[in-house]
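Observations on the model geometry
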Amino acid sequence: MQTVKRMKPFCHIIRVCVPALVLALALAGCSGRGTVRPITRSRSVAGPSKPVRPGASSAERFGFQPAAHPQPVRTAPGPGAGEAPALDAARLRWDTPEGWQPGPDRPMRLVTYLLGAEGRTECYVSVFADSAGGLEANVGRWYRQMGLEAPPAAALAELPVVAILGQPSPVVYIAGAYTDMAGATTPGYALMGAVCERPGGSVFVKMLGPEGDVAAEREHFLAFCASLRAEEAP
Amino acid sequence: MKRPARKLFDLCASTGVACVLFLLLFVLTFLGTVEQVQSGLYDVQQRYFHSLFVVHWAGGVVPLPLPGAYLLMTLLLVNLICGGIVRMRKDWARAGVLVTHVGIALLLVGGFVRARSAVEGHMTLYEGERADEFESYYEWEMAIAEVKAGGECTEYAIPGAEFAGTASGGSMTFVREELPFDLTVSGYARNAVPRPASGPMGGGARTVDGFYLEPLVAVKQAEQNIPGVYVTVRDHKTGGSHEAILWGMQRCPAVIESGGRRWAVDLRKVRRQLPFTIALDKFTRELHPRTSIPKVFMSEVTKIEDGASEQARISMNEPFRYRGYTFYQASWGPPNAQPGQPLYSTLAVVRNPAENAPLYASVVIVFGLGLHFGVRLWRHLRTEHLPGRPAGGAR
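Here we summarise the structure given alongside this text. (Residues numbered from 1 in each chain as written. Chains lettered and ligands numbered in written order. Predicted model: local features only at pLDDT ≥ 70, side-chain atom pairs only at ≥ 80, totals over all residues. Heavy atoms only, no water.)

Attention shifts here to the overall build of chain A. When you go through chain A residue by residue, the secondary structure sums to six helices and 11 strands. When contacts within chain A are restricted to residue pairs at least 6 apart in sequence, long-range pairs at least 24 apart make up 56% of them. Total accessible area on chain A stands at roughly 12,300 Å², and carbon and sulfur atoms take up 58% of it. (Helix = DSSP H or I, 4+ residues; strand = E, 2+ residues; numbered from the N terminus. Contact = heavy atoms within 4.5 Å. Areas by Shrake-Rupley, 256 points an atom, 1.4 Å probe, with all protein chains shown as cover.)

Have a look at this one:
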């Protein structure tokens, strides 16, 4: 009898909780939303919250093209290349995006930034006095680093561009498994790179890290590229 | 045979139920804390603690259905009221416990009010700038506003939660009488990036204007997820439709023409209006010598309302409170600003109708415990001095 008495509260719990649980689940299931819903929120504003650019293409809206300045893609220096001054890395200036922290100096890099939630993503700038192999070779190398086959040369002409030092510069975004120089492979990585080939040298901007971080910093990367500028000589 | 109502009340007031609830809360807190490593703070808060039910995947493979903290706390409140207040014997010996229970109930109610009604976000201002709205950290919305040459217009907003369900397929159509079109949303992705369809991975995806939306794995830091969605706008009059991809970091809204007017459709963080304006007059940042450790950072602001202004200072641990809103000094930037470069100040904005509930509840609980132990002490002392009891308190 003692056992029966002790069991009673638990029987009560089961008797009440089980129907309550079933009812709650049923209500949750019945709260199905129709496919047509009214827009209930409205307010008066001075205008749209972002600048409006009627006629802007998706490429412009997503930052794949400089807004309102669509540029033809050029993969090689244009006419008059020989007349341009040499690219002086010491005179390059840029705006640091919010949240980017300066990283340690590395060989062959003008600057390195650490970014992302855990600082595992880095973005750096390299400046060369020549083309450093050119667009096709470097983009192909990046693809292979990410475990992918290099795209055909014709596909490079379709790459989006960002203006670096006034030069339309192709941008690539590659997601895959990154293999570093030691041969270690890390899946779930992404690489975003921009190649600025200009008379007198070339500039490479490369961002590499976990795909989520790279995707989240994409806009910052493009803004960073676009902010690169050469200070005038005194 | 007890009546069912009486049996239900007894169950609600049961100490056994309280023990089960505390045990479940312990389990939920433990599992939520463990899960936080994988899913991040915000997701765990939403799934485990702001929910009625949660399915915890033990070891990532075994589903373990559990009541959410929201449900458990509700049941705990009911249990506390029934067992700890209503059913409790009302006499001086238990007055302190009763008051303490009232304090705990107040704490729980404050928690519910906060969970249901509190909003928070941030506003970022450079010196000389002002704002009468703030932006959410985590919530997204779709905003539709008419593009006019000047003057005010009405902006319509669809909370992200209303179309987030399209992530698993299907679509959702939104209508409003004042709009000359209806808007169908589909293919929502909580974290996504638009990619050119001509790229190496563009095959097979739904393409709009040469782009497709590639869903990414959501990151733990919820505020870093950038959503994307497909929208189709169908004109009521002509029946024509216009498709677009909206992305959380797009530079400018998609512009559509309908009813002879232009409309901007944007996907952005939720913006909430303040009933007054905050202007940043001056931002001060001082670092400890030869370090980047902040010594002082403080915003001097002006609150403007109906033409009247009031100045205030906001610094670490010294927020500015007005009309239910609290402004905290949260951060500043740019992080690598050079000397002389203009700085911006970011203020965290919180509106919590139950902001003071923990304080009041704590006062009540302290009073209740003080009363309880005071009564116990008094009773003890009185017993000790009863006639006939030997001196020295020996029993």
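From this point, things continue past the structure.
This part covers empty space enclosed by the protein. All names here are of chain B. The tally for this structure, following the rule as stated, stands at two cavities of 30 Å³ or more. Space inside the largest cavity adds up to approximately 50 Å³. Elements supplying a minimum of two residues to the lining of the largest cavity: strand 4 (130-146) and strand 13 (261-287). Among the elements that line the lining of the largest cavity, the one with the most residues is strand 13, at three residues. (1 Å grid on protein atoms, 1.4 Å probe; cavity = no way out; pocket = protein on both sides within 12 Å on 5 of 7 lines; lining within 4 Å. Points joined across faces, edges and corners; volume = space filled by probe spheres on them.)

Our next topic: the sheet that holds strand 10 (residues 228-235) of chain B. Hydrogen bonds between backbone groups are what pair the strands of a sheet, and the pairing can be parallel or antiparallel. The five strands are arranged 1(A)-6(B)-7(B)-10(B)-11(B) in an open sheet whose pairing can be described as mixed. Two strands close off the open sheet at either side, each with one partner strand: strand 1 (36-38) of chain A together with strand 11 (241-247) of chain B. The mean angle between the axes of side-by-side strands here comes to 25 degrees, regardless of whether they run parallel or antiparallel. Across seven bridges, strand 7 (residues 181-189) of chain B lies against strand 10 of chain B in antiparallel orientation. Note on strand 10 of chain B: the bridge partner recorded for Thr184(B) is Thr232(B). (Pairing = 2+ DSSP bridges. Axes fitted to C-alpha atoms, helices over the stretch in contact; angles between N-to-C directions.)

Judged by nonpolar contacts, the single largest core of 68 residues is most densely connected at Val203(A), Val205(A), Phe221(A), Met142(B), Ile144(B) and Leu183(B). Ranked by residues supplied to this core, first place goes to strand 7 of chain B with five residues. Apart from residues lying up to four places away in sequence, Phe221(A) is in contact with Trp100(A), Cys123(A), Val171(A), Met192(A), Gly193(A), Ala194(A), Val205(A), Lys206(A) and Met207(A). In this structure, Phe283(B), Phe297(B), Leu343(B) and Val349(B) belong to the second largest nonpolar core, which totals 20 residues. (Core = buried A, V, L, I, M, F, W, Y, C linked by side-chain atoms within 4.5 Å. Buried < 20%, exposed > 50% of the residue type's maximum accessible area, 1.4 Å probe, protein only.)

In the structure shown here, the tally under the stated rule is 24 aromatic pairs over all chains. With centroids separated by 6.2 Å and ring planes inclined at 90 degrees, the aromatic side chains of Phe62(A) and Trp247(B) adopt a geometry described as edge-to-face. Of this pair, Phe62(A) sits in the loop between helix 2 (58-61) and strand 3 (92-93) while Trp247(B) is found in strand 11, placing the two residues in two different chains. The same class applies to Phe62(A) as to Trp247(B), namely buried. Here Phe320(B) and Tyr322(B) contribute two aromatic rings whose centre-to-centre distance is 6.4 Å and whose plane-to-plane angle is 5 degrees, an arrangement assigned as stacked. The class for Phe320(B) is buried, based on a relative accessible area of 8%. Here a set of aromatic residues connected by ring pairs shows up, and it is made of Phe134(B), Phe276(B), Phe320(B), Tyr322(B), Tyr325(B) and Phe327(B). Residue placement shows Lys303(B) over the ring face of Tyr322(B); its charged tip is 3.9 Å from the ring centre. For Arg351(B), the ring lying beneath its charged end belongs to Tyr325(B), and the centroid distance is 5.8 Å. (Phe/Tyr/Trp six-rings, centres within 6.5 Å; stacked < 30°, edge-to-face > 60°. Lys NZ or Arg CZ within 6 Å of the ring centre and 35° of its normal.)

This part covers the interface of chain A and chain B. Counting residues at the interface gives 64 residues for chain A and 68 residues for chain B. In total, about 5,400 Å² of surface goes out of reach between chain A and chain B, with carbon and sulfur atoms giving 58% of it. For the chain A face of the interface with chain B, the top three residues by lost area are Ile39(A), Arg43(A) and Arg61(A), together amounting to 16%. Where chain A touches chain B, the interface holds three salt bridges. Residue Glu133(B) is joined to Arg43(A) by a salt bridge in which the shortest nitrogen-to-oxygen separation is 3.0 Å. Mapped onto the side of chain A that touches chain B, the elements with two or more residues apiece are helix 1 (2-30), strand 1, strand 2 (41-45), helix 2, strand 4 (101-102), strand 8 (167-179), helix 5 (211-216) and helix 6 (218-227) of chain A. (Buried area = accessible area lost by both parts, 1.4 Å probe. Salt bridge = Lys/Arg side-chain N within 4 Å of Asp/Glu carboxyl O.)

Turning to the side chain of Gln145(A), a few remarks are in order. All names here are of chain A. The topology assignment puts Gln145 in helix 3 (residues 134-145). The buried category is assigned to Gln145, whose relative accessible area is 17%. Setting aside its immediate chain neighbours within four residues, Gln145 contacts Ala177, Tyr178, Thr179, Leu191 and Lys206.

Okay, the sheet that holds strand 8 of chain A next. All names here are of chain A. With antiparallel pairing, the seven strands of this open sheet are ordered in space as 4-5-6-10-9-8-7. The strands lining the two open edges of the sheet, one partner per strand, are strand 4 and strand 7 (161-164). Relative to strand 6 (residues 121-128), strand 5 (residues 111-115) runs antiparallel, the two sharing five bridges. Considered in strand 6, the bridge of Leu115 is made with Thr121. Against the sheet, helix 3 touches strand 8, strand 9 (185-198) and strand 10 (201-210), its axis set at about 170 degrees to strand 9.

On to unusual backbone geometry. All names here are of chain B. For Asn317, which is not a glycine, the phi torsion comes out positive at approximately 65 degrees. Locating Asn317 in the fold gives a position in the loop between strand 15 (308-315) and strand 16 (320-322). Owing to a relative accessible area of 74%, Asn317 belongs among the exposed residues under this scheme. Of note, Arg323 is a non-glycine position whose phi angle comes to about 50 degrees, a positive value.

In this section: the environment of Met73(B). Residues and elements named next belong to chain B. When you line up the elements, Met73 lands in helix 4 (residues 69-86). You can call Met73 partly exposed: its relative accessible area is 31%. Sequence separation of Met73 and Leu21 is 52 residues, and the distance between their C-alpha atoms is 8.2 Å. In this structure Met73 touches Leu25, Leu108 and Phe112, once residues within four positions along its chain are discounted.

Counted by the stated rule, this structure contains 23 salt bridges over all chains. Linking Arg6(B) and Asp10(B) is a salt bridge whose minimum nitrogen-to-oxygen distance equals 3.5 Å. Pair noted here: Arg6(B) and Asp10(B) are both in helix 1 (residues 4-12), with a separation of four residues, about one helical turn. A relative accessible area of 15% places Asp10(B) in the buried class. Across the salt bridge formed by Glu178(B) and Arg176(B), the nearest N and O atoms sit 3.0 Å from each other. Taking the relative accessible area as the measure of exposure, Arg176(B) reaches 17% and is therefore buried. Salt bridges sharing common partners tie together Arg43(A), Glu133(B), Glu135(B), Glu141(B), Glu155(B), Arg268(B) and Arg271(B).

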